[in-house]
Amino acid sequence: MAIWRQLLGTSCRARQHRLGASIGENVNSRLGLTWSCLQTLQSKRCYGNAYDGESVTLPSQAKVVIGGGGVIGTSIAYHLAKKGWTDVVLLEQGRLGCGTTWHSVGLVTVGKDDPNMMRLLKYSRELYNEFENEEDGGLGFKRVGSLEVAQSKDRMIALQKKFALLNYIGEEAQLLLPKDVKDKCPYIKYTDLQGALWLPNDGVVTATDVVSTFSRKSKQLGVKVFEGVPIQRVLTKDDTVTGVETEFGTINCEYFVNCGGQWARELGKKSSPKVRVPVHSCEHYYIVTQPIPNMDPNLPVIRDPDGNCYFREWNGGLMAGGFEPPHHGGKPVFHSGIPPKFEFQLLPEDWDQFQVLLDGILNRMPLINEAQVRQLVNGPESFTPDQNWIIGESAEVYNYYVAAGMHSRGIQGAGGVGRLIAERMIDGITNFTNLWDCDIQRFVPHHSNRKFLRDRVKETIALYHLKYSSNSQFESGRNLRTSAIHTELKSYGAHFGETNAYERAMWFTPNYNEEIDEFIDENTMAKGTFGKPGWFSAVKLEYQACKERVCLVDMSSFTKIEIKSKGPEALEFLQYMCSNNINQEIGTVIHTAMLNKHGGYENDCSIVPLRDNTTHTFSFFLIAPTSQQTRCMFWLQKHLPKDGSVQVRDVTSMYSGLNLVGPHAQQLLSDVTETSTLKHDFKQMTCQVIDVGYASNIITMRLTHCGEDGFVMYIPSEYALHVYEMLMKAGKDYGIRNAGYLALRHLRIEKLFAYWGTDLHPHTTPLETGREFRVAYNSKDFIGKDALLKQKQHGISKKFVQVQMENFDIDSPIWPSGKEPIYRNGKVVGLTTSSAYGFTLGKFVCLGYIHHSDESGNPVNTTRIQEYIKERGAQYEIDVGGTLYPVTVHTHTPKMAYTASYKPTFIPVPSSV
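Draft legend 1. Representation of the side chain of S281 within the structure. Looking at the secondary structure, you find S281 in strand β13 (residues 280-289). A distance of 2.6 Å separates polar atoms of two side chains, one belonging to S281 and the other to Q262. In contact with S281, not counting residues within four places along its chain, are Q262, P332, V333, F334, I338, E381 and S382.

Okay, here's the thing in structure tokens:
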């Protein structure tokens with residue numbers, strides 16, 4: 001009870017103090033920031049500060065204008081100037097760092113769950129250390145180390161997996177027993193822990209000093225920084241940035257960067273067309289204590305994700321904060337807009353909301369029970385629909401970049417994000433590979449809906465501390481995009497997952513009379529697991545049906561795009577955009593890549609030339625992954641002929657997709673259509689427009705995206721329910737069943753089929769992925785051709801492979817899930833990208849890349865990488881949560897002989913065959 005008397009008394013005094021204090025006194029008294037910090041932030045203004053009433057003269061021209069002067073905006077300005085683009089103007093509507101940066105707690109870590117993100121964060125940390133060691137440094141950077149503790153066995157598994165990735169990127173780390181935790185931090189309660197992860201090179205900084213350092217260095221390189229200059233409009237012409245309009249004048253520019261933080265969504269609306277930036281503010285809490293006797297100034301940062309809290313030393317006391325757990329939820333704020341002049345301000349204390357965090361804080365750090373609390377800080381932060389940052393070029397306006405939605409991790413990532421944006425703008429590609437999870441083009445329009453965001457960020461704030469699980473699903477904003485047969489699938493026991501807000505059946509509960517290996521936990525999709533999931537046996541039944549009988553998979557979520565022209569312009573356009581030869585017969589299904597100038601995958605898709613009998617135009621039907629809906633349209637529109645001769649239209653919602661998979665797909669489809677489905681009449685990788693039942697104009701392709709025989713039907717959505725019911729009724733004679741995306745994943749990984757965004761991305765090429773047979777070098781020019789020819793001549797440094805685990809027990813508590821380090825003769829040489837159990841092979845199977853490098857780990861190109869991988873005596877292993885498993889490596893689809901689990905006697909052979 002003593003702590004509550006202290007807290008309540010302090011909060012009353014703090015509230016009175018806040019009413020009468022100036023901005024500077026508020027900041028200083030609440031957070032212990034020194035006057036020198038504030039003066040540094042507010043000094044050395046080279047060009048004007050309208051915030052203080054000074055006259056401002058803006059330049060009429062700049063190459064880049066940056067909107068937002070927090071740690072992200074100033075870092076981007078610095079990195080652009082460092083790479084040679086010094087004609088940069090930074091506009092801050094208030095004062096530098098006045099938004100959410102100033103109340104940041106300044107934690108700097110590398111410990112995330114993705115190696116590419118780890119490298120970005122590592123760059124930030126080492127950059128801060130470099131600044132600190134300079135003569136005019138002073139970021140308050142202290143390399144105190146960090147401890148992430150685990151209360152549960154699942155959390156300890158997560159730390160073991162993270163430890164393996166840290167080793168992969170060469171970061172020093174150590175797994176600790178509970179008793180060893182006390183040696184790193186004597187104040188911590190350790191008796192309820194399973195262990196911890198120690199990162200000795202992590203540290204802390206002073207956020208305001210980071211901003212002032214980036215700003216100062218930017219100005220020294222020629223960047224112009226203005227404060228008190230709100231942006232009124234971002235000007236465009238032909239959907240391309242042309243300038244920025246303010247009350248002090250207009251700046252003509254080529255590029256604009258939206259670094260508006262929690263204002264980024266509103267700033268995105270100040271252009272035509274509007275740029276969608278899906279961020280919403282949420283309250284974020286931490287307490288700061290008075291100095292504690294004998295407090296170690298180099299106390300490590302403590303993270304207790306199971307307790308939803310974190311700690312650091314703060315001016316001789318402790319700072320303790322956290323993020324609300326899922327069952328409690330975050331507290332959205334500013335739903336109707338951020339108040340004007342909301343700079344260097346906090347929100348009212350809410351001890352009831354903070355209580356769930358306080359419980360974890362007092363458990364992990366008992367000495368806070370006796371500490372005097374100076375302040376409960378409630379500072380708003382911006383959050384996104386999926387807890388990942390928003391980085392990259394917008395899909396609506398060309399040369400309009402966004403870096404926002406940092407989820408209270410802006411200080412951690414600012415250095416790397418600044419470098420990433422600068423490299424993307426100047427070089428077209430960044431050295432930080434495959435950060436698709438953070439790309440702004442992953443979103444579709446509804447993600448920016450304000451009501452959706454308000455409900456979703458209640459969940460995403462909790463993801464900061466959730467266990468990693470590829471099976472976890474959001475609860476808010478669901479059932480928004482559904483296929484025409486969604487209700488039917490639900491009645492058959494579908495368990496849905498969400499991709500781009502589209503509800504997709506992942507697996508189906510088996511019928512009560514089906515024999516299965518074990519009990520199926522219907523809630524596993526929400527709970528997640530590191531071992532064998534509860535749906536494993538259900539997916540096995542679906543897999544077997546795809547192999548032995550016939551399955552129906554709803555694939556309506558796939559991106560579908562129509563490309564047309566009156567003359568041959570559409571063909572010429574696609575020939576330039578695609579690596580494969582598109583000039584093929586009507587009805588040919590063409591698998592192709594769309595590459596960037598470096599030869600990397602911007603898209604992996606299927607294109608079909610179709611005959612338009614109505615308008616006699618050139619028409620092409622393009623199919624791409626669900627996640628590519630925004631990105632694919634952006635890439636096509638960015639390269640369209642300026643004369644308007646080619647029309648591109650997103651028709652995703654116009655067509656439902658049904659995938660008929662299995663050896664009896666041909667007979668079943670034959671029963672419901674007058675079109676011959678015999679292989680010599682309907683060949684593999686061809687397309688016909690057919691009737692099914694009473695429905696017409698169904699674009700049907702003989703392929704399944706998983707290597708089995710079958711058909712994908714793209715059905716005008718109004719006919720979809722009729723076609724589905726017709727197939728299910730006729731399919732009873734063939735043992736038809738519904739199947740979900742998980743069954744397709746098992747099938748495609750077993751056959752070494754790569755998937756864009758997971759296995760393929762802009763930093764991988766067809767030569768590296770073994771897909772050179774889809775490259776038409778000799779017949780045409782296309783984007784990326786020169787880069788591929790250069791690779792062909794000089795060789796490659798990595799190769800896409802299939803990894804088969806020879807002695808893996810599927811009842812092991814830790815399954816491979818992607819991102820497992822691959823070892824060759826004891827040396828790390830690669831990383832897995834995706835994984836699944838191969839029911840035909842009888843082995844666990846992973847896909848990934850093996851790298852060829854020198855003794856220092858630098859990539860080395862070779863024209864004999866195949867020989868390197870298959871070299872006699874080379875022994876491979878993968879690290880699964882700290883255990884090394886021997887594996888065999890394949891660069892081609894393995895030969896497989898499937899043995900039916902049983903021979904169905906109830907499947908007749910149709911008389912038409």
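Alright, that's what it looks like, and here's the rest.
Draft legend 2. View of the nonpolar core. Ranked by size, the top nonpolar core spans 79 residues in total, and within it F621, M701, Y714 and I850 carry the most contacts. What F621 contacts, discounting residues up to four positions off in sequence, is K560, I561, S606, I607, V608, L610, V651, Y655, I699, M701 and Y714. Ranked by size, the runner-up nonpolar core spans 48 residues in total, among them I72, Y123, A207 and F432.

Draft legend 3. Geometry of the sheet that holds strand β9 (residues 233-237). If you walk across this open sheet you meet the three strands as β9-β10-β11, and the pairing is antiparallel. Strands at the two margins of the open sheet, each flanked by one partner only, are β9 and β11 (249-252). Strand-to-strand twist across the sheet, computed as the mean angle between neighbouring axes with direction ignored, equals 25°. Pairing analysis gives four bridges linking strand β10 (residues 240-246) to β11, with the strands arranged antiparallel. Residue G243 lies in a different strand from β11, and its bridge partner there is N252.

Draft legend 4. Fine view of the packing of helix α4 (residues 71-82) against helix α11 (residues 410-427). It is the contact of α4 with α11, at a shortest axis distance of 8 Å, that shows an interaxial angle of 40°. Between α4 and α11, the angle is such that the two are oblique. Two packed elements cross with a definite hand, and for α4 against α11 that hand is right-handed. Contacts from V71, I72, S75, I76, H79 and L80 in α4 reach G410, I411, A414, G415, V417, G418, R419, I421, A422, M425 and I426 in α11. Of the residues assigned to the contact of α4 with α11, the class counts are eleven nonpolar, five polar and one charged.

Draft legend 5. Seen up close, the sheet that holds strand β19 (residues 400-404). Read across the open sheet, the six strands follow the order β8-β2-β1-β12-β19-β18; overall the sheet is mixed. Pairing within the sheet leaves two strands with one partner each, and these edge strands are β8 (224-227) and β18 (390-393). Across the sheet, the axes of successive neighbouring strands diverge by a mean angle of 15°, strand direction being ignored. Note: β18 against β19, four bridges, orientation antiparallel. Within β19, the position partnered with E393 by the bridge is Y401.

Draft legend 6. Looking closely at helix α20 (residues 741-750). Across the ten residues of α20, nine count as buried, placing the element largely inside the fold. Within the span of α20, buried status applies to Y741, L742, A743, L744, H746, L747, R748, I749 and E750. Of the residues flanking the end of α20, it is L752, one or two places downstream, whose phi is positive at about 65°.

Draft legend 7. Layout of the pairing of strand β15 (residues 309-314). By the criterion of burial, β15 is predominantly enclosed, with six of the six residues buried. Here β15 shows a buried face lined by C309, F311 and E313 and a second buried face lined by Y310, R312 and W314. Judged from the three bridges that link them, strand β14 (residues 301-304) and β15 form a sheet pairing that is antiparallel. Across the sheet, R303 pairs through a bridge with Y310, a residue of β15. Where β14 folds back onto β15 in an antiparallel hairpin, the turn is made up of four residues, including N308, whose phi is positive at roughly 60°. Inspection of the sheet shows β15 paired to strand β16 (residues 317-322) by six bridges, in the antiparallel sense. The residue of β16 that forms the bridge with W314 is G317.

Draft legend 8. Seen up close, the side chain of S557. Here S557 lies in the loop between β22 (551-554) and β23 (559-565). A relative accessible area of 3% means that S557 is categorised as buried. Ignoring anything within four residues of it in the chain, the contact list for S557 reads Y502, R504, T626, T652 and Y741.

Draft legend 9. The arrangement of the state of the cysteines in detail. Counted by the stated rule, this structure contains zero disulfides. Looking at the unpaired C546, the closest cysteine sulfur is the one in C551, lying at 3.7 Å.

Draft legend 10. Main features of the pattern of salt bridges. Within the structure shown, the criterion is met by 43 salt bridges. For D811, the salt bridge is made with K532, and the minimal N-O distance between the two is 2.9 Å. Linking D811 in the loop between β33 (798-805) and β34 (821-824) with K532 in the loop between α14 (524-527) and α15 (536-548), this pair joins segments that are 279 residues apart in sequence. Look at D811 and you get exposed, because its relative accessible area is 55%. The class of K532 is partly exposed, set by a relative accessible area of 22%.

Draft legend 11. Spatial organisation of unusual backbone geometry. The peptide bond linking S272 to P273 adopts the cis configuration, its omega dihedral lying at 0°. Considering the arrangement of structural elements, one finds P273 in the loop between α9 (264-268) and β13. Non-glycine residue D238 carries a positive phi angle of around 55°. Residue D238 is classed as exposed on the basis of its relative accessible area, which comes to 65%. We note that N308 has phi near 60°; this positive angle belongs to a residue other than glycine. Tracing the backbone through its elements, the reader meets N308 in the loop between β14 and β15.

Draft legend 12. Spotlight on the environment of I426. The topology assignment puts I426 in helix α11. Looking at I426, the relative accessible area reads 24%, which means it is partly exposed. Measuring from C-alpha to C-alpha, the distance between I426 and K83 comes to 8.2 Å, with 343 residues separating the pair along the chain. Beyond its immediate stretch of four places on either side in the chain, I426 contacts L80, K83 and W85.

Draft legend 13. Representation of helix α16 (residues 569-577) in the model. Within α16, the full set of buried residues consists of A570, L571, F573, L574, Q575 and M577. Buried-residue contacts for α16 involve β23, β24 (590-595), β25 (601-611), β26 (618-624), α17 (629-638) and β27 (647-650).

Draft legend 14. Fine view of the packing of aromatic side chains. Scanning the entire structure with this criterion turns up 31 aromatic pairs. Plain terms: the ring middles of Y398 and F634 are 5.7 Å apart, the flat faces sit at 50° to each other, and that makes the pair tilted. Remark: F634 occurs in helix α17 and Y398 occurs in the loop between β18 and β19; sequence separation between them is 236 residues. On the basis of relative accessibility, which here comes to 4%, the residue F634 falls in the buried class. Linked through ring pairs, F536, Y543, F808, W815, Y837, F839, F844 and Y885 together constitute an aromatic cluster. In this structure, R419 packs its charged tip against the face of Y123, placed 4.8 Å from the ring centre. The ring of F474 carries the charged tip of R456 above its face, separated from the ring centre by 4.0 Å.

The rules we used
- Residues numbered from 1 in each chain as written.
- Predicted model: local features only at pLDDT ≥ 70, side-chain atom pairs only at ≥ 80, totals over all residues.
- Heavy atoms only, no water.
- Helix = DSSP H or I, 4+ residues; strand = E, 2+ residues; numbered from the N terminus.
- Polar contact = N/O pair within 3.5 Å; in protein donor to acceptor, adjacent residues only side chain to side chain.
- Contact = heavy atoms within 4.5 Å.
- Core = buried A, V, L, I, M, F, W, Y, C linked by side-chain atoms within 4.5 Å.
- Buried < 20%, exposed > 50% of the residue type's maximum accessible area, 1.4 Å probe, protein only.
- Pairing = 2+ DSSP bridges.
- Axes fitted to C-alpha atoms, helices over the stretch in contact; angles between N-to-C directions.
- Parallel < 35°, antiparallel > 145°, perpendicular 65-115°, else oblique.
- Left-handed = near helix turned anticlockwise from the far one by under 90°.
- Nonpolar A, V, L, I, M, F, W, Y, C, P; charged D, E, K, R; others polar.
- Disulfide = S-S within 2.5 Å.
- Salt bridge = Lys/Arg side-chain N within 4 Å of Asp/Glu carboxyl O.
- Phe/Tyr/Trp six-rings, centres within 6.5 Å; stacked < 30°, edge-to-face > 60°.
- Lys NZ or Arg CZ within 6 Å of the ring centre and 35° of its normal.

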